[in-house]
Amino acid sequence: MDFTRRQVLKLGTVGGMGLFLAACGGSSEGGEAAPEAEATGDVKELTFEPGKLTVATGNPAWEPWVMNDAPESGEGFEAALIYALAEKMGFAAEDVVWVRTEFDEAFAPGEHEWDMNIQQVSINEDRAKAIDFSPAYFRPTQAVIVKADSPYASATSCAELKDAVFAVMMGTTAIDYVKDIIKGGSDEGIDIFNNNSDAVAAVDNGQADCLVTDTPQCVYMVESEQLSNGVVMGQIPGTEDPDGLGITLAKDSALTPFVTDAMNAILEDGTVQGLIDTWLKAYTSDIPTLA
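Residues numbered from 1 in each chain as written. Predicted model: local features only at pLDDT ≥ 70, side-chain atom pairs only at ≥ 80, totals over all residues. Heavy atoms only, no water.

## A short note on the overall build of the protein chain
For the protein chain, the count of helices and strands is 10 helices and 10 strands. Within the protein chain, buried positions represent 55% of all 291 residues. Summarising the internal contacts of the protein chain: among those between residues at least 6 apart in sequence, 78% fall at separations of at least 24. Put simply, the protein chain shows about 11,800 Å² of open surface, and 47% of that area lies on carbon and sulfur atoms. (Helix = DSSP H or I, 4+ residues; strand = E, 2+ residues; numbered from the N terminus. Buried < 20%, exposed > 50% of the residue type's maximum accessible area, 1.4 Å probe, protein only. Contact = heavy atoms within 4.5 Å. Areas by Shrake-Rupley, 256 points an atom, 1.4 Å probe, with all protein chains shown as cover.)

Okay, structure coming up:
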């Protein structure tokens, strides 16, 4: 996908600034949020279904994280990442089993009918009290999309968006970013939805003015016309996730040390950066940052 095509797909109106690739490169440093423990025993005997690695993702799973809502294809950044991680842990591709959950189940405490969950969950201290995280595999920013004919479409600063109504997904850091950076600490004008599909629909039908989510997902929503006549206005300043995104597991899971070791290995050998370059580069470049 080249930038000319992207401009045709409605991104040209916001101009280009290559501000995000450096952040992508930082992912290789990894941020170990998982507790340190030794990986012992046969990992294949420790999984929810012995011999299989059961992985949960979103319902639906969005591009470019998962292409065509088909994680089993191994196409898309998070889908490909899971297969690389599984191989490093000793699982064959055919031993990976995919299931679907809502976003908030990914960091809900307790036992689950899956071994790990991957759907752009930001690592933070509160969540880490209830679940385990893998080392960070990516550090996204947040961006804003609107309809091209919206009165807010020409905004170039956060201040110009203060009176807009924002659609955001439940449980995401986007809620706090909109409240703190755009709304000056106010909850007014922030509508929360169960998933991003509902949030997109709210903007599409005029219930909300803007949608905020991870920058790669914003670009996909516009390019794929999930939001008809949409534009990516820009990234929200100060939203690069300092702790990054992590795979989630049950608290004190016996699998956590294996996942930690495997993730650190594919971070260090360049596998993760290669997947970022393959699947995310076109979705994170040429996006301006709002003032």
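Once the structure has been displayed, the description carries forward.
## Things to note about the nonpolar core
For soluble globular proteins, the rule of thumb is that nonpolar side chains tend to be buried together. Of all hydrophobic cores here, the largest spans 34 residues; its most connected members are Phe77, Leu85, Met89, Met116, Tyr137 and Met263. Mapped by element, the contributors of at least two residues to this core are strand 1 (53-57), helix 3 (77-89), strand 2 (96-100), helix 8 (256-268) and helix 9 (271-279). Looking at this core, the element that brings in the most residues is helix 3, giving nine residues. Grouped together as the second largest cluster of nonpolar side chains are 21 residues, Ile145, Ala167, Val203 and Val232 included. (Core = buried A, V, L, I, M, F, W, Y, C linked by side-chain atoms within 4.5 Å.)

## Here's the deal with the pairing of strand 9 (residues 230-235)
Burial analysis of strand 9 places six of its six residues in the buried class, which makes it a mostly covered element. Bridge count between strand 5 (residues 142-147) and strand 9: five bridges; the pairing is antiparallel. Residue pairing for strand 9: Val146 is matched across the bridge by Val231. (Pairing = 2+ DSSP bridges.)

## Regarding the packing of helix 3 against helix 9
As a packed pair, helix 3 and helix 9 sit with axes 10 Å apart at the nearest point and diverge in direction by 155°. What the angle tells us is that helix 3 and helix 9 run roughly antiparallel. Taken as a pair, helix 3 and helix 9 cross one another with a handedness that is right-handed. Facing Phe77, Ala80, Leu81 and Ala84 of helix 3, the residues of helix 9 in contact are Thr271, Val272, Leu275, Ile276 and Trp279. (Axes fitted to C-alpha atoms, helices over the stretch in contact; angles between N-to-C directions. Parallel < 35°, antiparallel > 145°, perpendicular 65-115°, else oblique. Left-handed = near helix turned anticlockwise from the far one by under 90°.)

## Here's the deal with the sheet that holds strand 8 (residues 210-214)
If you walk across this open sheet you meet the five strands as 7-6-8-5-9, and the pairing is mixed. Each edge of the sheet is formed by a strand with only one pairing partner; in this case those strands are strand 7 (190-193) and strand 9. The average angle at which neighbouring strand axes cross in this sheet is 30°, direction not considered. Relative to strand 8, helix 7 (residues 215-223) is tilted by about 130°, and along the sheet it contacts strand 5, strand 8 and strand 9.

## Side note on the packing of aromatic side chains
Counting across every chain of the model gives seven aromatic pairs. Ring plane angle 80° and centroid distance 6.3 Å describe the contact between Trp62 and Tyr220, whose orientation is recorded as edge-to-face. On the criterion of sequence distance, the pair formed by Trp62 in the loop between strand 1 and helix 3 and Tyr220 in helix 7 is long-range, its members being 158 residues apart. Each member of the pair, Trp62 as well as Tyr220, is classed as buried. Put simply, the rings of Trp65, Phe77, Tyr137 and Phe138 touch in pairs and so form one group of aromatic residues. Geometry around Phe91 places Lys44 over its ring, the cationic atom sitting 5.8 Å from the centre. Over the ring of Phe107 we find Arg127; its NZ or CZ atom is 4.2 Å from the centre of that ring. (Phe/Tyr/Trp six-rings, centres within 6.5 Å; stacked < 30°, edge-to-face > 60°. Lys NZ or Arg CZ within 6 Å of the ring centre and 35° of its normal.)

## Observations regarding the pairing of strand 5
Within strand 5, six of the six residues are buried, which leaves it mostly tucked inside the rest of the structure. Both faces of strand 5 are covered, namely the face carrying Gln142, Val144 and Val146 and the face carrying Ala143, Ile145 and Lys147. Both strand 5 and strand 8 contribute to a ladder of five bridges, which runs antiparallel. Along strand 8, the bridge assignment pairs Ile145 with Leu211.

## A word on the confidence of the model for the protein chain
Of all residues in the protein chain, 87% attain a pLDDT of 70 or more, and the chain-wide mean is 85. Low confidence marks residues 1-35, where pLDDT is under 50. Its contacts with residues over four positions away, or in another chain, come to 84 contacts. (pLDDT = per-residue confidence, 0-100.)

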